[in-house]
Structures are given as C-alpha cells and as structure tokens.
Amino acid sequence: MTGVYIASSDAESDKRTVALGLTELLAGTVDTIGVFRPIVAEDGRDPLVETLRRRYEINDPYEDCVGVTYRRVHSDPEEAMSEIVAAYLKLAARRSAVVVVGTDYTDVGAPTEFAFNARVAANLGVPVLLMVAGEGRDVSGLRSEIAVVHAELAREHATRLTTVVDGVAPDRVAELREHLEGTAYVLPDVPGLRAPTVRDLQDACDGRSLFGEAARLNRETSGLEIATMSLPGLLDRLRADRLVLLSADRAGSLLPALVAAHSSPDFPSLAGVLLTGDTEMPEPVWRLLTGMNVRLPVLVTSLDTYTAATRLSTVRGGLTPLPDKKVESAVAAFGSAVDGPELLARLRVSRSESVTPLMFEHTLLERARADRRHVVLPEGTDERVLRAADLLLRRKVADLTLLGPARKIKARAGELGVDLTGVDIIDPEHSELRERFAQEYASLRAHRGVTVGLAGDTVTEVSYFGTLMVHCGLADGMVSGARHTTAQTIRPSFEILRSGLVSSVFFMCLADRVLVYGDCAVVPDPTAEQLAEIAAGSADTAARFGVDPRVAMLSYSTGASGVGAEVEKVREATELLRRARPDLELEGPIQYDAAIDPVVARTKLPDSRVAGHATVFVVPDLNTGNTLYKGVQRSAGAVAVGPILQGLRKPVNDLSRGATVRDIVNTVAITAVQAQDPRT
C-alpha cells in the first residue's frame, strides 16, 4: 500500500488541484485507489472527498473516507489522533494507494495547523507532499517559506515527498521554475478553479430554482452584474458567465429579455439570473417563460439585492463537488507541472498487473497527449460533443475541428458554458473546401457514375465532409455517431478509406482487466476467410493498445468435439489464421467458459496456452457478438469502449447514439492513438 499526505503551509494554497492530479496519476498506475481526509467539518459531506469519489469511482462509503470532526480534535486531540489512525488503517488495508488530504485552515488554528498535519502524517506513516502558496511571494520569500516548513516537518518526524508551489500567475511560472528547479515544482494558477459555480451562489443565499436545467448549476461564474438600469443599458453591460442580480419586482420587464439575450449568439452567454426580494412573478410573464423552455438557471432568494450582492461577493468555489470541466483543468495543470514518473519512482509505485477501466483510460489519454493528433467531430451542435470537446481541450488530448454552422455552434457552446478556444469550426455548406472535396469524391467514385455535380451535394453531409478531411490529410481521424446511425457514419469511410475487410472491436474494461471482442458491430456473417482476417486485425488492435493478444476463436464447441457448419467455419478460420500468423497465440474452436476460466480450461484443453487466459475473443457472427458484448456490459458492469473500426487506411470511429461525454472523450483518444500508428 502507498499513501501520500497533502499538506499546505498556509490557507492560500488550493489542495484540490494537487489532490486531483495526484489521484489521477495513481489511478492510472494501481488497481485500487482510496481517498481519506483526517479532519472534516461537522455538517454535510466534504466536497473534495465527494469530487474524488465520483471522479475515480471510489466505492468506499463516505464515512470510511473521513476521520474525525474539528470539534473532536478540540475536545480531545490525543484521542482524535488515535481515531484518525485507526480509520486510515482500516481504509488502507483494502486499497493499493490512498491519497490523504490535510486540513484547509478553517478551524484547527493557523499557528499550529501545519504542525498538526505533520504529526498526523508521521502517525499514519506516509510521506508529505508539501504545498506552498506562490501568490505574492518572490523567489527569496518562497525559499525562506520552504526552508521553514521543511524544518517543521523534520521536527514532527514527518517525511517530505516533494514540494509544490501553487497558485502562481502564468507570467511568473517560467521564472520560478528556473530558480526553484530541484527544490519545488511550480504549479500555475488554474483559471476558474476558485470561481464559484451557480450552485455555490444559490446555496450561499438560500436560493431556489424557478427555471433552467439542473446540470447548468455547475457552471462557474465570472462575477455579479446588478441590473439597476434600463434594458438597453443592461444589455450593453452583460459579460460572459456573469450571474445577473435582478429585483423580482422588475422581472416582468427585464427577465424575458435576459433569457433571449443569453440564447442569442450576438450577446454574451450568462451563468444565470438571481431574482431578489422573492416577489411573486406576474402570471403572464411566468406563462411566457414556461413556454420558452428556459435552460438558463433562474433562481430566487428572499434576500434584498444589496444583502445578496454583499454575501455573494465573498463566496469562493469549492462549497460543492467540482464540475467535470474544473476537474479536467486541475488534472491538466498538475500533469503539465509535475513529473509524474519521477513522483511514482519516489513513492516506489510499480504498475499493477491488473488493468482497471481508469488505468486503461489514463493510458489512452497519456498516449494521445504524447503525440497530439487532429480529430474532426462532425456533430458540432450536439451538447455531448461540445462538452467532450471542452474536456479534450483542457486535457490537451487532441486538436479538434467541429463541423456545422459556426453561428449555431458558438451560440450552443455559449449557452452551455463550454470553452471552444482553439477549436476550428467549419460549415460544410459554405466552406471553400466544398469544391475541392467534390472533385476528389467524384474522382474516387467515378466508377459508380458519380459526377462533380452529384458530389457537390454529397460532400456537404457532415460524415462525408469529415471523412474527406481525413482522406486529404486535413485531419488525422474522425469520430461520429452521437446523432447519426452507424451506417451514416461508416458508409463514407467504406467508400473512401477502405484498405481491406472493415470490421470492429470493443474494448471491454472489466474490474481488473481489459478484453477485446470482435467483430460485434460491422460484418453480419463472415466467411472463414473473413473471420481469420477479423481475428488478425483484432489481435493487432489489442497489441496496439497494450493488451497482450491471446486469441480465442469462439464457438458452441471446444476442440474437436463439435460438428456442424458453424463450428466447421470457426475451425477452418482458425487453421487459416494459424498458417498466416504463426506469431499469434491462438485457440479455436473454443467455448467462452473454456477461453476465460482457468478451471474450466484445465478440464477441456489442459495443454492450451490460450484456454483460460484469452484476451481477444473473436465471435462467429454479428448476432453472437452484439449479444455477447451487451450481456457482459450489463451483467458484469463492464465499460464498453467502441466500436473501434479496423481495416481503414486512416481511423474513423463510430459512437453509440446513447454515448456519454466520457465515451466520446475515450473514443477520440483511441482515434488519436490509432492515427499515431501508420498501420491503422
């Protein structure tokens, strides 16, 4: 077990960035991760613990992730220390690594709080990742502060792992890194992390929601705007991500206009509107807003405008669990500032032989970031695609192009609070590439009677336009399917990018390993020759993504026992593949239980190197494959990533129309990794 204690030398450091970044690093390396806070507030749940539990799918009960309350420390410090140690050891006994997050200088008392954290770390027997606030300190001041707290750690017999200077203005990062190299990592201030969300502000003024989608309460705010002027003056003063404070008795005249301005691409997108004074809204205005399907959060509080503004102006972020985009910003900032492999080496953490879904995803994102590629997303107005684009950009996973009307995409992104800075937006209907792509497509499909005139209309379809971008080298890969059928997504790639038999695999991420299933999405009833080709492609795809390929050719019979056309097809395919690819570890025909269960394998195929240990499962037909992967996904709680297409010159991948934002992020990362390898 590995434990790390995050402690700050004062109240100015924001431990959330380091806690998220460190947990991300460990979750990508070990099979089980835990989080622990020795001391928490009396009321409610700790928002950082809840953020980490949600983000990293930590299933420990909340009560097991915390030690004692501040009141308990005050009443009996020694007994509180014993309770903290006991709670930590109970949690740590079932986890490969535990991230311990120290106090926030909210109650223990600033003069002694760091020493108290150092004593807790020493009693837990875990090293300290020390945080020192960089804001307002020059190099000399930072060196002095670091020396003082290093000495304090030594006095309390705590071991220092490393030091991080956080909250540094971007224009000072390079200077401090030069002067503090070898002494501390320098972490830039994460924009928006300290900014309160709409939910934070709602809670601070005891507000309630009148209109809007609950998910939009997680939008971070850039400040307050008090609506005291007439409508023209107010519209001129609107700024992006502001919460507008509006007296409830003026809602009838101004609120519909604010809602309309928020939805217009010609005005900044607001974070929300807060009605103050709790005056009842006129019935016609209520009826108008109800009919407008308002998505913008509209809140109401009983506080008057002055009191609400005074209270809200002091609110900091972090009162509630962090929304995804803040999490991604924090993780990206930590990853760019801290040498992860060096930190793991200091902790003596070796990579687990098990591969969890989080480890698989972490590896995907790391590989994509290491050699960034350009991916085109044709469904540019879809909310999930826009949210995924925001997260992909924050994590620097890939360069992106969105297809669709630029005005509509920007308006939708603004309404959602999504940052598309750096994204290229192309409208196929009006793009200067339309003529070039029409010429290219007509040339490729001339044998089918396609003329330039016909091609001119075809290439404006986003799936064709995106595929032609990939074909012409203007993008490295494409991901689509959130709103389009599989046929709409992959038909253009069949026509333009096919290099052989096109098939697919799913990465099935189980609790402790990743398996590969093929083909579950494309070829309905493959011949023996096609089945052998699917198996070879699936093995190569598995190897490319770090899964050691041991191929099981699935059937209803194992070995030589079965007869019938279906099992003979699998037997023939196995022999064809064995001759074509003697490098592969291969078994077939084989039943699923003999392929995956070592106990069954010892009975049915005791001399097989694959039986009981298969990682690549090749199904005889699409009916079997689709049933198999969905059954495992639902019954075993597996994360199914795919379908990932193979047999194309360049990568194009399909999404389920029920795809989540996480699914889209993972598929883009896979596509980027495929694009790094010319064997796609």
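Conventions and cut-offs
- Residues numbered from 1 in each chain as written.
- Predicted model: local features only at pLDDT ≥ 70, side-chain atom pairs only at ≥ 80, totals over all residues.
- Heavy atoms only, no water.
- Core = buried A, V, L, I, M, F, W, Y, C linked by side-chain atoms within 4.5 Å.
- Buried < 20%, exposed > 50% of the residue type's maximum accessible area, 1.4 Å probe, protein only.
- Helix = DSSP H or I, 4+ residues; strand = E, 2+ residues; numbered from the N terminus.
- Axes fitted to C-alpha atoms, helices over the stretch in contact; angles between N-to-C directions.
- Parallel < 35°, antiparallel > 145°, perpendicular 65-115°, else oblique.
- Contact = heavy atoms within 4.5 Å.
- Phe/Tyr/Trp six-rings, centres within 6.5 Å; stacked < 30°, edge-to-face > 60°.
- Patch = residues over 30% accessible without salt bridge, like charges linked within 9 Å, V, L, I, M, F, W, Y side chains within 5 Å.
- Areas by Shrake-Rupley, 256 points an atom, 1.4 Å probe, with all protein chains shown as cover.
- Salt bridge = Lys/Arg side-chain N within 4 Å of Asp/Glu carboxyl O.
- Lys, Arg positive; Asp, Glu negative; His and termini not counted.
- Charge placed at Lys NZ, Arg CZ, Asp CG, Glu CD.
- Pairing = 2+ DSSP bridges.
- Nonpolar A, V, L, I, M, F, W, Y, C, P; charged D, E, K, R; others polar.
- Expected span 1.5 Å × (residues − 1).
- Polar contact = N/O pair within 3.5 Å; in protein donor to acceptor, adjacent residues only side chain to side chain.
- 1 Å grid on protein atoms, 1.4 Å probe; cavity = no way out; pocket = protein on both sides within 12 Å on 5 of 7 lines; lining within 4 Å.
- Points joined across faces, edges and corners; volume = space filled by probe spheres on them.

Engineer: Describe the nonpolar core, with residues and values.
Structural biologist: In terms of nonpolar packing, the biggest core is built from 90 residues, with L400, L420, F507, M553 and V668 touching the most fellow members. The element best represented in this core is helix α22 (residues 528-544), accounting for eight residues.

Engineer: Explain the packing of helix α18 (residues 433-444) against helix α20 (residues 462-471) to me, using residue names and the numbers behind them.
Structural biologist: Angle between the axes and distance between the axes are the two parameters that describe a pair of packed helices. The N-to-C vectors of α18 and α20 enclose an angle of 80°; their axes lie 10 Å apart at closest approach. If you check the angle between α18 and α20, you find them roughly perpendicular. Each of L433, F437, E440, Y441 and L444 in α18 lies in contact with α20, whose residues at this interface are Y464, F465, L468, M469 and H471.

Engineer: Break down the packing of aromatic side chains for me, with residues and values.
Structural biologist: For the coordinates displayed, the defined rule picks out nine aromatic pairs. With 5.2 Å between their ring centres and 70° between their planes, F507 and F545 make a pair best called edge-to-face. Highlighted residues: F507 in strand β17 (residues 498-509) and F545 in the loop between α22 and β19 (550-554), separated in sequence by 38 residues. Arranged with centres 5.6 Å apart and planes meeting at 75°, the rings of Y517 and F617 form a pair that is edge-to-face. Within this pair, whereas Y517 is found in strand β18 (residues 514-518), its partner F617 is found in strand β21 (residues 616-618), the two being separated by 100 residues in sequence. You'll find Y517 and F617 in the same group, each marked buried. Three or more aromatic residues joined by ring pairs make a cluster, and in this case those are F360, F507 and F545.

Engineer: Tell me about a negative patch on the surface, and name the residues and values.
Structural biologist: Negative charge collects at one region of the surface, where D138, E175, E178 and E181 lie side by side. Structurally, E181 is set in the loop between α7 (170-180) and β7 (185-188).

Engineer: So what's going on with the sheet that holds strand β11 (residues 272-276)? Which residues, and what values?
Structural biologist: In space, the five strands of this open sheet follow the order β8-β12-β11-β10-β9, with mixed pairing throughout. The outermost strands of the open sheet, each flanked by one partner alone, are β8 (208-211) and β9 (223-226). Each strand of the sheet is rotated relative to its neighbour by a mean of 30°, with strand direction disregarded. Inspection of the sheet shows β8 paired to strand β12 (residues 298-301) by three bridges, in the antiparallel sense. From the neighbouring strand, S209 faces β12, where its bridge partner is L299. On the sheet, helix α10 (residues 251-263) packs against β10 (242-247), β11 and β12 and is oriented at approximately 160° with respect to β10.

Engineer: Describe the pairing of strand β4 (residues 97-101), naming the residues involved and giving the relevant values.
Structural biologist: Burial of β4 is extensive: five of the five residues sit out of reach of the surface. Burial of the side chains of β4 extends over both faces: A97, V99 and V101 are buried on one face and V98 and V100 on the other. Bridging between strand β1 (residues 2-8) and β4 involves five bridges; their strand directions are parallel. What sits directly across from T2, in β4, is A97. Bridging between strand β2 (residues 33-40) and β4 involves four bridges; their strand directions are parallel. Pairing of F36 across the sheet is with V100, part of β4.

Engineer: Pulling in residues and values, what's your account of the packing of α10 against helix α11 (residues 283-291)?
Structural biologist: Interhelical geometry of α10 versus α11 gives an angle of 10° and a closest axis separation of 10 Å. Here α10 lies roughly parallel to α11, going by the angle between them. Residues A251, G252, L255, P256 and V259 of α10 form the contact with α11, whose participating residues are V285, L288 and L289. Its residues assigned to classes, the contact of α10 with α11 shows seven nonpolar, one polar and no charged.

Engineer: Explain helix α16 (residues 383-394) residue by residue, including any values.
Structural biologist: With twelve residues, α16 ought to run about 16 Å at 1.5 Å a step, and its terminal C-alpha atoms sit 17 Å apart, in line with that. Of all twelve residues in α16, nine are buried; the element is thus mostly enclosed. Burial in α16 covers these residues: V385, L386, A388, A389, D390, L391, L392, L393 and R394. Among the structural elements, α13 (324-337), β13 (374-377), β14 (399-403), α17 (406-416) and α27 (661-676) are those in contact with the buried residues of α16. One side-chain oxygen at the N-terminal end of α16 lies 2.9 Å from the backbone nitrogen of R384; it belongs to D382. K396 occupies a position one or two residues after α16 and carries a positive phi of about 55°.

Engineer: Would you mind going over the sheet that holds strand β20 (residues 585-590) in detail, with residue names and values included?
Structural biologist: Taken in spatial order, the six strands line up as β20-β19-β21-β18-β17-β22 in an open sheet, and their pairing is mixed. Edge strands, defined here as strands with exactly one partner in the open sheet, are β20 and β22 (639-648). Each strand of the sheet is rotated relative to its neighbour by a mean of 20°, with strand direction disregarded. Relative to β22, β17 is paired through seven bridges, and the arrangement is antiparallel. Within β22, the residue paired with M508 across the bridge is A640. Helix-sheet contacts for α27 involve β17 and β22, and the interaxial angle to β22 is about 30°.

Engineer: Break down the pattern of salt bridges for me, with residues and values.
Structural biologist: Summed over the entire model, instances satisfying the criterion amount to 49 salt bridges. Salt-bridge contacts for R71 lead to E42; the nearest nitrogen and oxygen are separated by 3.8 Å. On the criterion of sequence distance, the pair formed by R71 in helix α3 (residues 70-75) and E42 in the loop between β2 and α2 (47-55) is long-range, its members being 29 residues apart. Accessibility expressed as a relative area gives 57% for R71, which makes it exposed. Its relative accessible area of 42% is what places E42 among the partly exposed residues. Linking E585 and R609 is a salt bridge whose minimum nitrogen-to-oxygen distance equals 3.4 Å. Highlighted residues: E585 in strand β20 and R609 in the loop between α25 (598-604) and β21, separated in sequence by 24 residues. Residues joined by salt bridges that share partners form a network here, namely E213, R216, R295, E383, R387, R412 and E415.

Engineer: Run through empty space enclosed by the protein, naming residues and quoting values.
Structural biologist: Here the structure, examined in full by the defined rule, presents two cavities of 30 Å³ or more. Roughly 70 Å³ of volume is contained in the largest cavity. Of all elements in the fold, only β6 (160-168) and β7 reach the threshold of two or more residues within the lining of the largest cavity. Taken together, the residues of the lining of the largest cavity break down into four nonpolar, two polar and four charged.

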